[in-house]
Amino acid sequence: MNKSLLIISRQAPWAGPSAREALDIALAGGAFDLPLGLLFLDDGVFQLVPGQQPGALQQKDLGANLQALPLFGVESLYASSRSLGERGLAEQPLALPVERLDDTELTRLIDRYDQVITL
């Protein structure tokens, strides 16, 4: 039986390679039917903002990778309600349907997974 994996993405899409690496791990795990979830936390919630223009920062758009997650079987998507609120995104439409979790629910979520990777 495969162990479950939670990937916590904490970096903004333009802050370096960590956001892309988290998505790559999620897509690879999904392709191999690994039971996994993806949590957007802290500045990682900025990845969920639709219509980003990363070309101005000479970055690649992560939008296609985000949209591919459900196609690869990665459907357990979560975001920190606190992180969204602190960054003015609580009422904004997001690029993906995510389950918004408060701090207590985040603790329970992390405890449910066998392994956790934070990027």
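Residues numbered from 1 in each chain as written. Predicted model: local features only at pLDDT ≥ 70, side-chain atom pairs only at ≥ 80, totals over all residues. Heavy atoms only, no water.

If you look the chain up in an unreviewed UniProt entry, it shows as tRNA 2-thiouridine(34) synthase TusC from Aquipseudomonas alcaligenes. On record in UniProt, under Sequence similarities (unreviewed entry), the comment for the chain is "Belongs to the DsrF/TusC family." (UniProt positions renumbered as here; feature names shortened; annotations may be inferred.)

Novice: What am I meant to see in the environment of P13 here?
Specialist: The residue P13 is located in the loop between β1 (5–9) and α1 (18–31) in this model. The class of P13 is buried, set by a relative accessible area of 12%. Expressed as a C-alpha distance, the spacing of P13 and I110, which sit 97 residues apart in the sequence, is 23 Å. (Helix = DSSP H or I, 4+ residues; strand = E, 2+ residues; numbered from the N terminus. Buried < 20%, exposed > 50% of the residue type's maximum accessible area, 1.4 Å probe, protein only.)

Novice: Sorry, what's going on with the sheet that holds strand β3 (residues 76–80) here?
Specialist: Note on sheets: strands pair through backbone hydrogen bonds, and any given pair is parallel or antiparallel. The strand order across the open sheet built from 5 strands is β4-β3-β2-β1-β5, with neighbouring strands paired in parallel fashion. What marks the edges here is a single partner per strand, and that holds for β4 (99–101) and β5 (115–118). Strand-to-strand twist across the sheet, computed as the mean angle between neighbouring axes with direction ignored, equals 25°. Sheet strands in contact with α1 are β1 and β2 (36–40), and its direction is about 160° off that of β1. Where helix α4 (residues 103–112) meets the sheet, it contacts β1, β2, β3, β4 and β5, and its direction lies at approximately 110° from that of β4. (Pairing = 2+ DSSP bridges. Axes fitted to C-alpha atoms, helices over the stretch in contact; angles between N-to-C directions. Contact = heavy atoms within 4.5 Å.)

Novice: Help me understand the packing of aromatic side chains in this model?
Specialist: By convention here, two paired aromatic rings are described through the distance between centres and the angle between planes. Counted by the stated rule, this structure contains 1 aromatic pair. Aromatic pair W14 and F46: ring centres 5.5 Å apart, planes at 45°, arrangement tilted. In this pair, W14 sits in the loop between β1 and α1 while F46 sits in the loop between β2 and α2 (63–68), placing the two residues 32 residues apart along the sequence. Residue classification places W14 among the partly exposed positions, given a relative accessible area of 40%. (Phe/Tyr/Trp six-rings, centres within 6.5 Å; stacked < 30°, edge-to-face > 60°.)

Novice: Which parts of the structure should I look at to understand the pairing of β1?
Specialist: Counting buried positions along β1 yields 5 of 5 residues, so the element is predominantly enclosed. Going residue by residue along β1, you find L5, I7 and S9 tucked away on one face and L6 and I8 tucked away on the opposite face as well. Pairing of β1 with β2, which is carried by 5 bridges, proceeds in the parallel orientation. Residue I8 lies in a different strand from β2, and its bridge partner there is L39. Between the parallel pair β1 and β2, the chain is carried across by α1, and the sense of this crossover is right-handed. The pairing of β1 with β5 spans 4 bridges and is classified as parallel. If you follow I8 over to β5, its bridge partner there is T118. (Right-handed = clockwise from strand over helix to strand, strands pointing away.)

Novice: Before we go on, may I ask you to explain unusual backbone geometry in this structure?
Specialist: Not every positive phi belongs to a glycine, and D33 is a case in point at roughly 55°. Given the relative accessible area of 65%, D33 is considered exposed. Positive phi is not limited to glycine here, since D42 has a value of about 55°. Looking at where D42 falls in the secondary structure, it is placed in the loop between β2 and α2. Its relative accessible area of 16% is what places D42 among the buried residues.

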